[in-house]
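# Commentary on secondary and tertiary structure
The lines below spell out each chain.
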Amino acid sequence: MLQPANIDIEVLKLAVKDVNKRWPDVKPELCLVLGSGWGDVVNAFDIKDSIPYEEITGIGKSGVAGHSGKLSLANYKDKNIFIFQGRRHWYEGEGWTPVVAPSYIAKHCGAEVMLLTNAAGGINYAPGDLMIVSDHINYMFSNPLIGPNHEKLGTRFPDMSYTYNKDLRDKIMAAGAETNVKLNSGVYLASSGPSYETPAEIRAFKTLGGDAVGMSTVPEAILGNSMGLKVVAISCISNYAAGISKAPLTHEEVGETMSSIMPTMVKLMPEIVKNILN
Ligand code: HPA
């Protein structure tokens with residue numbers, strides 16, 4: 001691999017310093033990562049302050065449309081929440097450090113829970129469906145933990161049997177029932193991107209057990225789990241995965257479907273946060 005892929009722990013330590021400098025003594029109870037098209041969810045919270053990613057060492061600026069690129073400090077019933085609005089991806093080619101920075105910052109600023117969100121192609125689900133991630137398949141052909149093992153990242157061989165916290169998944173499911181929003185459960189398969197998959201790949205992924213496919217979430221979950229964060233993730237199905245419908249895939253379609261579902265998420269998310277923090 002040509003680019004310096006491995007996590008740079010010194011850069012991540014500086015990232016935590018940058019956040020602590022701006023918000024001294026702030027300990028988030030929960031860290032929310034908003035993926036493609038999930039940005040409007042911030043409207044459900046009382047935002048106290050935001051730091052552009054450019055001002056946090058190691059994250060830098062995302063070039064992906066639909067990703068806003070800032071870390072906000074929100075208040076929910078007197079509890080602090082970090083909201084990462086937008087994420088960096090492996091396919092941007094800048095290595096793992098910017099991709100996993102939210103997990104590291106969350107953990108080392110004191111959060112216990114990380115809720116990841118994403119837009120995903122539906123293999124066994126349809127556009128507009130919401131899927132709580134029950135487990136994942138890492139099909140990115142890499143792993144953010146490759147490289148020297150550092151105690152701050154967890155052990156050398158972290159167990160992945162319980163990556164997506166069951167208790168929190170139940171709480172999210174309950175929030176769906178309370179707000180009348182149907183929530184499904186399924187396996188998220190991460191491909192590296194940036195090209196969408198071929199129909200043959202999607203047929204293979206279906207056989208492998210993937211219910212939805214995307215280009216994110218798994219790296220943050222791997223590091224989060226390794227560091228001992230309680231991790232949960234929700235996928236919003238933004239399109240049929242390649243070959244399932246005849247329509248070609250576009251990032252615009254992903255954005256349009258996401259916009260149409262966001263009012264539902266804006267309604268659901270505070271209930272999810274309430275249940276998680278209780
Ligand atoms: N494939 C991969 N990533 C995605 C998709 C998809 O179909 N939709 C949204 N993100």
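Shown above is the structure to which this text applies.
A brief look at the structure comes next. Computed from a predicted model, the values in this text were never measured in an experiment.

### Looking at the pairing of strand 9 (residues 230–240)
- Most of strand 9 is tucked away: nine of the eleven residues are buried.
- For strand 5 (residues 113–122) and strand 9, the ladder comprises ten bridges, and the chain directions are parallel. The partner of Leu-116 across the bridge, within strand 9, is Ala-233.

### Observations concerning the nonpolar core
- Formed by 51 residues in total, the largest nonpolar core has its most connected members in Ile-56, Phe-82 and Ile-105.
- Per element, the largest residue contribution to this core is seven residues, and it comes from helix 2 (residues 96–108).
- Sequence-distant contacts of Ile-56, defined by excluding residues within four places in its chain, comprise Ala-15, Asp-18, Val-19, Ile-51, Leu-71 and Ile-105.
- Judged by nonpolar contacts, the second largest core, of 35 residues, contains Val-42, Ile-81, Ile-132 and Leu-277.

### Points about the environment of Val-273
- On the secondary structure map, Val-273 appears in helix 6 (residues 251–277).
- Under the relative-accessibility criterion, Val-273 is labelled buried at 0%.
- Remark: the alpha-carbon pair of Val-273 and Lys-171, spanning 102 residues in sequence, is separated by 9.2 Å.

### Section: empty space enclosed by the protein
- Enumeration over the complete set of coordinates arrives at one cavity of 30 Å³ or more.
- A volume near 40 Å³ is recorded for the largest cavity.
- If you go around the largest cavity, the residues you meet are Leu-145, Pro-148, Asn-149, His-150, Leu-153, Thr-155 and Arg-156.
- Tallied by class, residues from the lining of the largest cavity come to three nonpolar, three polar and one charged.

### Things to note about helix 1 (residues 9–22)
- An ideal rise of 1.5 Å per residue puts 20 Å on 14 residues; helix 1 measures up with 20 Å between its terminal C-alpha atoms.
- What helix 1 keeps buried is the set Ile-9, Leu-12, Ala-15, Val-16, Asp-18 and Val-19.
- The inward-facing, buried residues of helix 1 abut strand 2 (46–52), strand 3 (70–76), strand 4 (79–85) and helix 2.
- The N-terminus of helix 1 is capped by Asp-8, whose side-chain oxygen sits 3.1 Å from the backbone nitrogen of Glu-10.

### Considerations on the packing of aromatic side chains
- The full count for this structure, using the stated rule, is six aromatic pairs.
- When the ring of Tyr-53 is compared with that of Phe-84, the centres are 6.3 Å apart and the planes differ by 40 degrees; the resulting orientation is tilted. In this pair, Tyr-53 is assigned in the loop between strand 2 and strand 3 and Phe-84 in strand 4, connecting sequence segments 31 residues apart.
- Judged by relative accessible area, which is 0%, Phe-84 ranks as buried.
- Between Trp-90 and Trp-96, the ring centres sit 3.9 Å apart and the planes meet at 5 degrees, which makes this aromatic pair stacked.
- The buried category is assigned to Trp-90, whose relative accessible area is 8%.
- With relative accessibility at 1%, the residue Trp-96 sits in the buried group.
- By way of ring pairs, the aromatic residues Tyr-139, Phe-141 and Phe-205 are connected into one cluster.

### Describing the site of the ligand
- Within the structure, the ligand sits among Ala-119, Ala-120, Gly-121, Tyr-196, Glu-197, Val-213, Gly-214, Met-215, Ser-238, Asn-239 and Leu-249.
- The contact in question runs from a nitrogen atom of the ligand to an N or O atom on the backbone of Gly-121, over 3.3 Å.
- Between the ligand and Asn-239, the relevant distance is 2.7 Å, taken from a nitrogen atom to a side-chain nitrogen or oxygen of the residue.
- Isolated, the ligand exposes 260 Å² of accessible area, and the fraction of that covered by the protein chains is 94%.
- A molecule is said to occupy a pocket when more than half its atoms come within 2 Å of that pocket's grid points, and by this definition the ligand occupies the largest pocket.
- When contributions to the shell around the ligand are tallied by element, the ones reaching two or more residues are strand 5, strand 8 (212–214) and strand 9.
- Of all the elements, strand 5 adds the most residues to the shell around the ligand, at three residues.

Each value, and the rule that gives it
Residues numbered from 1 in each chain as written. Predicted model: local features only at pLDDT ≥ 70, side-chain atom pairs only at ≥ 80, totals over all residues. Heavy atoms only, no water. Buried < 20%, exposed > 50% of the residue type's maximum accessible area, 1.4 Å probe, protein only. Helix = DSSP H or I, 4+ residues; strand = E, 2+ residues; numbered from the N terminus. Pairing = 2+ DSSP bridges. Core = buried A, V, L, I, M, F, W, Y, C linked by side-chain atoms within 4.5 Å. Contact = heavy atoms within 4.5 Å. 1 Å grid on protein atoms, 1.4 Å probe; cavity = no way out; pocket = protein on both sides within 12 Å on 5 of 7 lines; lining within 4 Å. Points joined across faces, edges and corners; volume = space filled by probe spheres on them. Nonpolar A, V, L, I, M, F, W, Y, C, P; charged D, E, K, R; others polar. Expected span 1.5 Å × (residues − 1). Polar contact = N/O pair within 3.5 Å; in protein donor to acceptor, adjacent residues only side chain to side chain. Phe/Tyr/Trp six-rings, centres within 6.5 Å; stacked < 30°, edge-to-face > 60°. Near = heavy atom within 4 Å. Areas by Shrake-Rupley, 256 points an atom, 1.4 Å probe, with all protein chains shown as cover. Sits in = over half its atoms within 2 Å of the grid points.

Read these as spatial facts, not as claims about activity.
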